[in-house]
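One letter stands for each residue in the lines below.
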Amino acid sequence: MKITVIGCGRWGSLITWYLDRLGHEMTLYGRAESRHMRAFLETRSNDLLSLPERVCLSTELACVKEAEVIVISIGSQGLRALLSEELAPMELTGKTFVLCMKGIEISTGKRLSEIVEECVDPSNRVAVWLGPGHVQEFYAGIPNCMVIDSADNTTKRRLVEAFSGELIRFYYGQDLVGNEIGAASKNVIGIAAGMLDGMGLSTLKGALMSRGTREISRLIDAMGGNPFSAYGLCHLGDYEATVFSPYSHNRSFGEKFVRGEEYRELAEGYYTAKALHSIAAERGVELPICEAVYRILYEGRDVREELGRLFHRSLKNEF
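Attention in this report is confined to the structure presented alongside it. (Residues numbered from 1 in each chain as written. Predicted model: local features only at pLDDT ≥ 70, side-chain atom pairs only at ≥ 80, totals over all residues. Heavy atoms only, no water.)

### Describing the pairing of strand S1 (residues 2-6)
Taken across its five residues, S1 has four buried, putting it largely inside the fold. For S1 and strand S2 (residues 25-29), the ladder comprises five bridges, and the chain directions are parallel. Bridge assignment links Ile-6 to a residue of S2, and that residue is Tyr-29. The handedness of the S1 to S2 crossover, carried by helix H1 (residues 10-21), is right-handed. When S1 meets strand S4 (residues 69-72), the two strands line up parallel, connected through four bridges. Note on S4: the bridge partner recorded for Ile-6 is Ile-72. (Buried < 20%, exposed > 50% of the residue type's maximum accessible area, 1.4 Å probe, protein only. Helix = DSSP H or I, 4+ residues; strand = E, 2+ residues; numbered from the N terminus. Pairing = 2+ DSSP bridges. Right-handed = clockwise from strand over helix to strand, strands pointing away.)

Now the structure itself:
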């Protein structure tokens, strides 16, 4: 396939490196002012990996016109602007958009695939690439399992067959709604896990994981998905990489927040917590963990008080 990846951060560059290894014709796009892109243009490397000479590097977004598949890996809150302001004038048709990003639009509560469907020509297809794994581990040759899902079964099969390799085994997603919501919300659970680490309460992660999965299953159900998706790779299956790993941006953000330390990397769970707060109110879904994280981050509530209240709830209310 001829593939362009939009986004030259850690995931965009890893996807480019991985798909190049599988023999696809790869282009990596990044803005000219991006420090990540400048590093690739100067050395073909960042602090995690190196890209071979056969991979094309571009600072001209028009490069997507030649691609069959457009992989997008940027901050979730910037997706609509990218599509409607930068890609829409190109009038792209017959493309496959693959979202390798996790989040919910704060202003609308929409899933990311819904935003794509709103903003591009109907002849285009959209899929999501989700699941556990960190760039550092993949680049070191450590394998993992991930999920590709799409409302279009032909697109899903085509991508799974084209993207599967020894390093990543892809499963066919069966619930686009559940997979997107589960993947986005696990970042909020990751922030809560980091807060526990920061307070020296890592032993409570077992309770966090069991309760977190249950509350997200209720959320998925309320949004029209299969509640059992919360127990798959999109959510529970991604906890090892999000709740425990030192590479997890969301866990690290939560830990540093508690300690009063600055965190400069993107932690998508920060934005998702706000989106879930609105969705929970609108749909009448009880999300104790996500609401606690929201109150801490957006209302300035005391961390120990909020999390203490969470874990001192009556046992009869566990589920």
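What follows picks up the thread again.
### As for the nonpolar core
Core analysis: the biggest nonpolar cluster contains 39 residues, and Leu-208, Leu-219, Leu-276 and Leu-307 have the highest contact counts within it. Those elements that provide at least two residues to this core are helix H7 (176-198), helix H8 (205-222), helix H9 (239-244), helix H11 (268-283), helix H12 (288-298) and helix H13 (303-311). Top contributing element to this core by residue count: H7, with ten residues. With near-sequence residues (within four places) excluded, Leu-276 lies in contact with Ile-104, Ser-185, Val-188, Leu-219, Leu-287, Cys-290 and Glu-291. Residues Met-26, Met-37, Cys-100 and Met-146 belong to the second largest nonpolar core, which totals 34 residues. (Core = buried A, V, L, I, M, F, W, Y, C linked by side-chain atoms within 4.5 Å. Contact = heavy atoms within 4.5 Å.)

### Points about the side chain of His-249
Within the element layout of this structure, His-249 appears in helix H10 (residues 249-259). Judged by its relative accessible area of 15%, His-249 is buried. Reaching out from His-249, the side chain makes a polar contact with the side chain of Arg-10 at a distance of 3.4 Å. Excluding residues within four positions of it along the chain, His-249 makes contact with Arg-10, Tyr-263, Glu-265, Leu-266 and Ala-267. (Polar contact = N/O pair within 3.5 Å; in protein donor to acceptor, adjacent residues only side chain to side chain.)

### Some remarks on the sheet that holds strand S3 (residues 56-58)
Sheet strands line up and pair through hydrogen bonds in the backbone, either parallel or antiparallel. The eight strands are arranged S3-S2-S1-S4-S5-S6-S7-S8 in an open sheet whose pairing can be described as mixed. Looking along the sheet, the strands with just one partner apiece sit at the ends: S3 and strand S8 (168-172). Looking at each pair of strands side by side, their axes are set apart by 25° on average, direction ignored. (Axes fitted to C-alpha atoms, helices over the stretch in contact; angles between N-to-C directions.)

### Some points on the packing of aromatic side chains
According to the stated counting rule, one finds twelve aromatic pairs in the structure shown. Judged by centre distance (6.0 Å) and plane angle (80°), the rings of Phe-253 and Tyr-270 are edge-to-face. Here the residue Phe-253 occupies a position in helix H10, and Tyr-270 occupies one in helix H11, the gap between them amounting to 17 residues. Taking the centre distance of 5.3 Å and the plane angle of 90° together, the rings of Tyr-270 and Tyr-271 count as edge-to-face. Judged by relative accessible area, Tyr-270 falls into the partly exposed class, the value being 27%. Pairwise contacts between aromatic rings join Phe-253, Phe-257, Tyr-263, Tyr-270, Tyr-271, Tyr-294 and Tyr-298 into one cluster. (Phe/Tyr/Trp six-rings, centres within 6.5 Å; stacked < 30°, edge-to-face > 60°.)

### So, the packing of H8 against H12
Closest axis-to-axis distance for the H8/H12 pair is 8 Å, and the angle between their directions is 100°. Accordingly, the angle class assigned to the pair H8 and H12 is roughly perpendicular. Taken together, the residues of H12 that come into contact with H8 (itself represented by Leu-208, Arg-211, Gly-212, Glu-215, Ile-216 and Arg-218) are Pro-288, Ile-289 and Cys-290. Its residues assigned to classes, the contact of H8 with H12 comprises five nonpolar, one polar and three charged. (Parallel < 35°, antiparallel > 145°, perpendicular 65-115°, else oblique. Nonpolar A, V, L, I, M, F, W, Y, C, P; charged D, E, K, R; others polar.)

### Comments concerning the side chain of Thr-272
One can find Thr-272 in helix H11. Dropping the residues within four chain positions of it, Thr-272 is found in contact with Gly-103, Ile-104, Ala-184, Ser-185 and Val-188.

### Description of helix H4 (residues 112-119)
Every buried residue of H4 is listed here: Leu-112, Ser-113, Ile-115, Val-116 and Cys-119. Each buried residue of H4 lies within a common arc of 155° when the element is viewed along its axis, so the set occupies one face. Tucked inside the fold, the buried residues of H4 contact helix H3 (79-87), strand S5 (96-99), strand S6 (125-130) and H7. (Arc of directions from axis to C-beta.)

### What about the environment of Phe-138?
Position of Phe-138 among the secondary structure elements: in helix H5 (residues 135-139). Separated by 45 residues in the primary sequence, Phe-138 and Thr-93 have C-alpha atoms spaced 32 Å apart. The contacts of Phe-138, once residues within four sequence positions are left out, are Trp-11, Leu-14, Trp-17, Pro-132, Gly-133, Pro-143, Asn-144, Met-146, Leu-167 and Ile-168.

### A short note on a nonpolar patch on the surface
A contiguous nonpolar patch, built from Phe-228, Tyr-231 and Leu-236 and spanning about 330 Å² of accessible area, is present on the exposed surface. You can see Phe-228 is positioned in the loop between H8 and H9. (Patch = residues over 30% accessible without salt bridge, like charges linked within 9 Å, V, L, I, M, F, W, Y side chains within 5 Å. Areas by Shrake-Rupley, 256 points an atom, 1.4 Å probe, with all protein chains shown as cover. Salt bridge = Lys/Arg side-chain N within 4 Å of Asp/Glu carboxyl O.)

### Let's talk about the environment of Ser-123
As for its position among the elements, Ser-123 is in the loop between H4 and S6. Classification of Ser-123 as partly exposed rests on a relative accessible area of 34%. In the structure, Ser-123 is positioned 106 residues away from Ser-229 in sequence and 28 Å away in space, judged by C-alpha atoms. Residues within four places of Ser-123 in sequence aside, it is in contact with Thr-93 and Gly-94. Separated by 3.0 Å, the side chain of Ser-123 and the backbone nitrogen of Gly-94 make a polar contact. Within the structure, Ser-123 has its side chain in polar contact with the side chain of Asp-121 (distance 2.7 Å).

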